[in-house]
Amino acid sequence: MLAIDMRSTSAEVVICGAGIAGVAAAYHLAVRRGVRGVVLVDERPPLTLTSDKSTECYRNWWPGPGDHMVALMNRSIDLLEELARESGSFFRLNRRGYLFATAETGRAVKFQRAAEEAAALGAGPLRLHARAASDYRPSPAEGFDSTLSGTDVITEPSLIKRHYPWLAPDTVALLHARRCGWFSGQQLGMYLLERAREHGVRLVEGRVERIDAAGGRVRGVEVRGVGDMQTIGTSRAVLAAGPLLKDAGRMLGLELPVFCELHAKIAFNDTLGAMPRGAPMTLWADPMTIAWSEEERGGLGRSSRHRRLVEELPPGAHGRPEGAGESTSVLGIWTYDVEPVEPTFPPNFDPAHQEVVLRGLARMIPGMAPYLDRMPRCFVDGGYYTKTRENRFLAGPLPVEGAYVIGALSGYGMMASNGAADLLADYIAERPLPRYAPAFRLDRYDDPAYVKLLEDWGDSGQL
Ligand SMILES: Cc1cc2nc3c(=O)[nH]c(=O)nc-3n(C[C@H](O)[C@H](O)[C@H](O)COP(=O)(O)OP(=O)(O)OC[C@H]3O[C@@H](n4cnc5c(N)ncnc54)[C@H](O)[C@@H]3O)c2cc1C
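For clarity, every value in this text was computed on a predicted model and none was experimentally measured.

A word on the environment of Asp170
By secondary structure assignment, the location of Asp170 is in the loop between helix 4 (157-163) and strand 8 (173-177). What makes Asp170 partly exposed here is its relative accessible area of 37%. Once residues within four sequence positions are removed from consideration, Asp170 is found in contact with Thr102, Ala103 and Arg363.

Spelled out as structure tokens, the structure:
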């Protein structure tokens, strides 16, 4: 049996979890708000549970109701751009955009309406390109300095073919959202963590096992390390526990309204060069039914796990090139099957996943069809989206004095973490709050008008 060594220290703020949420919170508190005595606790190496599994994309393209999500994302992207500039592009932020493609004529009108809504919410103006002589410009592959924001909707076939000849020939309309792209999430996280440590943030390895909240206010945090138990006296604790947020809430006697979904992504070498290396994040906006052979259909139909793969699958198969230089890697995602699940580690992925995603991508990019006859080696990984029911994250105070949360960052935590952490830091440093702050507090669920709004919320913005 290990001898347990009890130690006792103190801190201004203890953050439970060193994923991108906790790391960004530590950075914004220590570096940008000058808070001293910030301790970041994690039982795993930083950024290794969910934050290294992401597709690392960002977008200011979010649905309502209200403009809070767009405003928050615009702030988060402003911060990403500032960080990219000051770090000399350390995390390789680009701004290639998100390109949605459709083969359904009716969807072109929906594209236009969605772009008008995005413009009204603050994502930037709509530009329509319905003539061959239109001035549509694709995004540069590198850099993030383009001043183009908002959305281009292209309905002229010759423009689509000229700029995107690698898309399915029956593509009838494109929607190109501009203040979007990707970056290295791991490099961003390491950059924030290094700056935070230079400003005095202490990283402690161990599991937060108990939060002392006697009398309804935070007094300390108990951390179990290797053969060592320490109590950190503090009056402020931040829950940044990712998919373990529900358990973390229970340490304070709270049932946080969050759940998890398992999401996988595939990576493979596009040796045929079907997707150009300078391509934007490209998404197929139509539902589709996969053209399985009779034999495959029979086999899938007999398996309860796979039966639904023979039915129409939802829109949203998407992919992007990954890596610089000689890299031929492409990432693919298709969220066709999500159910709330209890998180377990390591997660278990359906062996059929890679083929389904490749088939989705091949519908959009016919140059990938040969891979269906001879499947490339695919690397499948992923993790849990931790979500609230309307897919808006939590950042702000909890109903125990001195306790805060930053979590439920779903499938957008890399892009939103700076905005969310900036907001959280304003609460803790008692600075004036941005106008979107109420939209991300836990106590929004106490407002009957908000609860009513949840009943017919509509699009959650998940891709
Ligand atoms: C397949 C996939 C694709 C994605 N694509 C994108 C994308 O393109 N763009 C984007 O912005 N986002 C994307 N995301 C989402 C993004 O990765 C997450 O939102 C983000 O990583 C969540 O960060 P987090 O810090 O909340 O959680 P995590 O990274 O899971 O960190 C939580 C940390 O808390 C620690 N912890 C928990 N409980 C305790 C405890 N009691 N004591 C000590 N430590 C504890 C854990 O060990 C862990 O390190 C994607 C996610 C997946 C799975």
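Things to note about the site of the ligand
Taken together, 36 residues are adjacent to the ligand, and Asp42, Arg44, Thr50, Ser51 and Met415 come closest. Between Leu409 and the ligand, the recorded distance is 3.3 Å, taken from a backbone N or O atom to an oxygen atom. In isolation the ligand has 1,000 Å² of accessible area, and contact with the protein removes 97% of it. Split into classes, the residues belonging to the shell around the ligand amount to 17 nonpolar, 13 polar and six charged.

Remarks on the pairing of strand 7 (residues 151-154)
Burial along strand 7 is two-sided: the face carrying Thr151 and Val153 and the face carrying Asp152 and Ile154 are both buried. One ladder, built from four bridges, connects strand 6 (residues 126-129) with strand 7; its direction is parallel. Along strand 7, the bridge assignment pairs His129 with Ile154. In this structure, strand 7 lies alongside strand 8, joined through four bridges in antiparallel fashion. Bridge pairing in strand 8 links Ile154 to Leu174.

Points about the sheet that holds strand 3 (residues 38-42)
One open sheet holds the six strands; their spatial order is 10-3-2-14-22-21, and the pairing between them is mixed. Both outer strands of the open sheet, strand 10 (202-205) and strand 21 (394-397), are each paired with one neighbouring strand and no more. Averaged over all pairs of adjacent strands, the angle between strand axes in this sheet comes to 20°, irrespective of strand direction. Pairing geometry for strand 14 (residues 237-239) and strand 22 (residues 403-407), over three bridges, is parallel. Bridge pairing links Val238 to Tyr404 in strand 22. The strands touched by helix 10 (residues 413-428) are strand 2 (13-16), strand 14, strand 21 and strand 22; relative to strand 22, the strand with the most contacts, the crossing angle is about 170°.

A few points about helix 5 (residues 185-198)
The end-to-end C-alpha distance of helix 5, which contains 14 residues, comes to 20 Å, matching closely the 20 Å that a straight helix rising 1.5 Å per residue would cover. Among all positions of helix 5, only Gly185, Leu188, Gly189, Tyr191, Leu192, Leu193 and Ala196 are buried. Buried residues belonging to helix 5 abut helix 1 (20-32), strand 3, helix 2 (68-86) and helix 10. Gly200 occupies a position one or two residues after helix 5 and carries a positive phi of about 95°.

With respect to the packing of helix 2 against helix 10
At a closest axis distance of 7 Å, the pairing of helix 2 and helix 10 adopts a crossing angle of 100°. Considered as vectors, helix 2 and helix 10 are oriented roughly perpendicular to each other. Residues Leu72, Met73, Arg75, Ser76, Leu79, Leu80 and Leu83 of helix 2 form the contact with helix 10, whose own contacting residues are Met415, Ala416, Ser417, Asn418, Gly419, Ala420 and Asp422. Classifying every residue of the contact of helix 2 with helix 10 by side-chain character gives eight nonpolar, four polar and two charged.

Side note on the packing of helix 1 against helix 5
For the pair helix 1 and helix 5, the least separation of the axes is 8 Å and the interaxial angle reads 35°. Handedness of the crossing formed by helix 1 with helix 5: left-handed. For the pair helix 1 and helix 5, contact is made by Ile20, Val23, Ala24, Ala26, Tyr27, Ala30 and Val31 and by Leu188, Gly189, Leu192, Leu193, Arg195 and Ala196, respectively. Taken together, the residues of the contact of helix 1 with helix 5 break down into 11 nonpolar, one polar and one charged.

Describing the pairing of strand 15 (residues 259-269)
Burial analysis of strand 15 places eight of its 11 residues in the buried class, which makes it a mostly covered element. Summarising the sheet, strand 15 and strand 20 (residues 379-387) pair through nine bridges and their orientation is antiparallel. From the neighbouring strand, Glu261 faces strand 20, where its bridge partner is Tyr385. Where strand 15 meets strand 19 (residues 340-341), two bridges bridge the pair, whose relative direction is antiparallel. Each residue of the ladder has a partner; that of Glu261, found in strand 19, is Pro340.

How each quantity is defined
- Residues numbered from 1 in each chain as written.
- Predicted model: local features only at pLDDT ≥ 70, side-chain atom pairs only at ≥ 80, totals over all residues.
- Heavy atoms only, no water.
- Helix = DSSP H or I, 4+ residues; strand = E, 2+ residues; numbered from the N terminus.
- Buried < 20%, exposed > 50% of the residue type's maximum accessible area, 1.4 Å probe, protein only.
- Contact = heavy atoms within 4.5 Å.
- Near = heavy atom within 4 Å.
- Polar contact = N/O pair within 3.5 Å; in protein donor to acceptor, adjacent residues only side chain to side chain.
- Areas by Shrake-Rupley, 256 points an atom, 1.4 Å probe, with all protein chains shown as cover.
- Nonpolar A, V, L, I, M, F, W, Y, C, P; charged D, E, K, R; others polar.
- Pairing = 2+ DSSP bridges.
- Axes fitted to C-alpha atoms, helices over the stretch in contact; angles between N-to-C directions.
- Expected span 1.5 Å × (residues − 1).
- Parallel < 35°, antiparallel > 145°, perpendicular 65-115°, else oblique.
- Left-handed = near helix turned anticlockwise from the far one by under 90°.

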